[in-house]
Amino acid sequence: MADAKPRILIQLDSSPHASVFDAVTAIDAGAERLLQYGGIEPGQVRDLIHGAMFTRGLDDLRSTAVFVGGSSVEAGEQLLEAVKQAFFGPFRVSVLFDASGANTTAAAAVLAAERECGGSLAGVAAAVLGATGPVGRRVARLLCGLGSKVAISSRQLDRATALADALHKQTGARAEPFASGADQAQALAGRAVVIAAGAAGARLLAHDVWSRLDALKTLIDLNAVPPLGVEGVEATDKSKSRGAVKAWGALGLGGLKMKIHKRAIQELFTSNDHVFDAEQVLEIGRRLDQPTPS
Ligand SMILES: NC(=O)c1ccc[n+]([C@@H]2O[C@H](COP(=O)([O-])OP(=O)(O)OC[C@H]3O[C@@H](n4cnc5c(N)ncnc54)[C@H](OP(=O)(O)O)[C@@H]3O)[C@@H](O)[C@H]2O)c1
């Protein structure tokens, strides 16, 4: 049998330079060659992907894969769409979408919450604060898909309502929008899981509010930049007991996020037809305890 071809990862990045963070992570995960393209626009994607599709025989296409990154999730989504459009028939390579780390971060948060809730979030009442950003949107989408009863907040009710409509179209579930300026204690009453996905350096939840939420079991803050998103949760918290609540901070969650990222890179090279977006990345996180695919 011929030797397997080297595992090549093609980085398509909407930022001027392809991300060094994503490159180092890919190499640590086992990618043997990186082809890096920065400042990419959707119109440039087809020819780059054709270069990936037509150089190796079908049996070897699993050894070529694409990573779509960049600091803008919106621009990354357009690149991902252009990548998928370039494929036809069996001519395709696997692709992972993780612009701004949004998918791996959201998957890590949801997986941590799921583990804290005994392995299932179905029927669990949850809330996502700052839900309108790229990470919060994915957290909310994943929770809706898992059958949680989801409340979503924004500083502006109409933004939360627009997100609820989008989530309904995507998942069929009806999330409950609320404005973060409203009575938070009332809006969060009965919630077992609260995930704060607000902007870096934005405080979203006071200790005085969450410490009085009787049903609260898991509290996750994704903001690592002071002031942190949840007062009384430290960035390094990792399933830390804070009163009756298990708390996770952004750095505490970082190890799980990195494991998911690396495992996703490894799984890219198991077939030539994977498309890993938020839902698939969450599934990959669930497989972390299983042997690494060769
Ligand atoms: N650990 C990791 O690897 C990792 C990776 C990616 C992101 N993150 C962190 O995850 C969090 C979410 O990321 P993101 O990119 O989705 O965030 P983002 O888009 O910057 O912000 C999320 C939401 O926060 C709200 N917001 C913005 N400024 C605010 C302010 N001054 N006060 C209160 N709310 C404010 C906005 O919602 P409204 O305008 O609708 O209120 C915004 O849509 C960030 O803290 C980010 O640093 C961590």
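Note that the coordinates shown come from a computational prediction; the quantities given were computed from them, not determined experimentally. Note on numbering: residues in each chain are counted from 1, in written sequence order. In view of the model being predicted, local features appear only for residues whose pLDDT reaches at least 70, and side-chain atom pairs are presented and counted only at 80 or more, with totals across whole chains, interfaces and linings using the full set of residues.

So, on to the overall build of the chain. By definition, any uninterrupted DSSP run of H or I lasting at least four residues is a helix, any uninterrupted run of E lasting at least two residues is a strand, and each is numbered from the N terminus. Looking only at helices and strands, the chain has 10 helices and 12 strands in total. Atoms considered for the radius of gyration are the C-alpha atoms alone. The globule rule reads 2.2 Å times the number of residues to the power 0.38. For 294 residues, the compact-globule formula gives about 19 Å, and the C-alpha radius of gyration of the chain, at 20 Å, lands near that figure. By its C-alpha atoms, the chain is 65 × 40 × 35 Å across when sized along the principal axes. Here, residue contact means that the backbone-derived C-beta atoms of the two residues sit within 7 Å. The long-range share in the chain, meaning contacts at least 24 apart out of those at least 6 apart in sequence, stands at 70%.

Exposed residues have 12 or fewer other C-beta atoms within 10 Å of their own C-beta, buried residues have 20 or more, and residues in between are partly exposed; the C-beta atoms are placed from the backbone. Neither face of strand β9 (residues 218-221) is exposed, since Thr218 and Ile220 on one face and Leu219 and Asp221 on the opposite face are all buried. By definition, two strands form a pair when at least two bridges between them are found by DSSP. Summarising the sheet, strand β8 (residues 193-196) and β9 pair through 4 bridges and their orientation is parallel. Residue pairing in the sheet places Val194 in a bridge with Leu219 of β9.

Using a C-beta atom placed from the backbone for every residue, we mark a residue as near a molecule or strand if that atom lies within 6 Å of it. Taken together, 24 residues sit near the ligand, with Gly133, Ser154, Arg155, Ala199 and Asn223 positioned nearest. Elements with a contribution of two residues or more to the shell around the ligand: α5 (134-145) and α9 (250-268). For the shell around the ligand, the per-class residue count stands at 9 nonpolar, 12 polar and 3 charged. Under this grouping Gly is polar, as are all residues other than the nonpolar Ala, Val, Leu, Ile, Met, Phe, Trp, Tyr, Cys and Pro and the charged Asp, Glu, Lys and Arg.

Put simply, a nonpolar core is a cluster of buried Ala, Val, Leu, Ile, Met, Phe, Trp, Tyr and Cys residues tied together by C-beta atoms within 7 Å. Of all hydrophobic cores here, the largest spans 91 residues; its most connected members are Ala109, Val128, Val139, Ala140 and Leu143. Of the residues forming this core, the biggest block, 9 residues, is contributed by helix α4 (residues 102-116). Domain extents, as shown, originate in an automatic or database domain assignment. No fewer than three residues from each of domain 1 (8-101 + 258-286) and domain 2 (104-253) sit in this core. When near neighbours in sequence (up to four residues on either side) are disregarded, Leu143 contacts Val110, Leu121, Ala126, Val128, Ser148 and Val150.

In this structure, Pro227 follows Pro226 across a cis peptide bond, with omega equal to -10 degrees. Along the polypeptide, Pro227 turns up in the loop between β9 and β10 (238-242). With phi around 55 degrees, Ser239 is a residue other than glycine that occupies positive phi space. Structurally, the position occupied by Ser239 is in strand β10. Among the residues examined, Ser239 registers 13 C-beta atoms within 10 Å and is labelled partly exposed.

Let's shift gears to the domain arrangement of the chain. By the assigned domains, the chain splits into domain 1 (8-101 + 258-286) and domain 2 (104-253). Residue-level contacts link 13 residues of domain 1 with 12 residues of domain 2. Of all elements in the fold, only α9 and α10 (278-286) reach the threshold of two or more residues within the side of domain 1 that touches domain 2. At 6 residues, the largest contribution of residues to the side of domain 1 that touches domain 2 is made by α10. Tallied by class, residues from the side of domain 1 that touches domain 2 come to 6 nonpolar, 4 polar and 3 charged.

This brings us to α9. A rise of 1.5 Å per residue sets the reference length of α9, with its 19 residues, at 27 Å; its end C-alpha atoms lie 26 Å apart and thus fit the reference within 8%. At Leu256, α9 shows its maximal bend, which comes to roughly 25 degrees. Residues Ala250, Gly252, Leu253, Leu256, Lys257, Ile260, His261, Arg263, Ala264, Ile265, Glu267 and Leu268 constitute the buried set of α9. Expected span of a helix: the number of residues minus one, times 1.5 Å. Given a residue, its bend is the angle between the two axes fitted to the seven residues that end at it and to the seven that start from it.

Between N-to-C directions, angles span 0 to 180 degrees; the directions come from axes that are lines fitted to C-alpha atoms, helices contributing only their stretch in contact. For the pair α4 and α10, interaxial distance at closest approach is 9 Å and the crossing angle is 50 degrees. On the basis of the axis angle, α4 is oblique to α10. Crossing angle aside, the handedness with which α4 passes α10 is right-handed. Contact residues: Asn103, Thr104, Ala106, Ala107, Ala108, Val110 and Leu111 in α4; Ala278, Val281, Leu282, Gly285 and Arg286 in α10. Looking at side-chain class alone, the contact of α4 with α10 contains 8 nonpolar, 3 polar and 1 charged residues. Roughly parallel refers to an angle under 35 degrees, roughly antiparallel to one over 145, roughly perpendicular to one between 65 and 115, and oblique to any angle outside these ranges. Crossing handedness follows the turn of the near helix against the far one: under a right angle anticlockwise gives a left-handed crossing, and clockwise gives a right-handed one.

Below, the discussion takes up the sheet that holds strand β6 (residues 149-154). Pairing between the strands of a sheet is mediated by backbone hydrogen bonds and can be parallel or antiparallel. Here 7 strands make up an open sheet; going across it, the order is β7-β6-β5-β8-β9-β11-β10 and the pairing mixed. Either end of the sheet is taken by a strand with one partner, and the two such strands are β7 (176-179) and β10. Neighbouring strand axes in the sheet, compared pairwise and without regard to direction, differ in orientation by 20 degrees on average. Pairing of β10 with strand β11 (residues 245-248), which is carried by 4 bridges, proceeds in the antiparallel orientation. If you follow Arg242 over to β11, its bridge partner there is Val245.

Overall, parallel pairing links the 5 strands, which are arranged β2-β1-β3-β4-β12 in an open sheet. Of all strands in the sheet, those bounded by a partner on one side alone are β2 (33-37) and β12 (275-276). Packed onto the sheet, helix α2 (residues 42-53) meets β1 (8-13), β2 and β3 (64-69) and runs at close to 180 degrees relative to β1.

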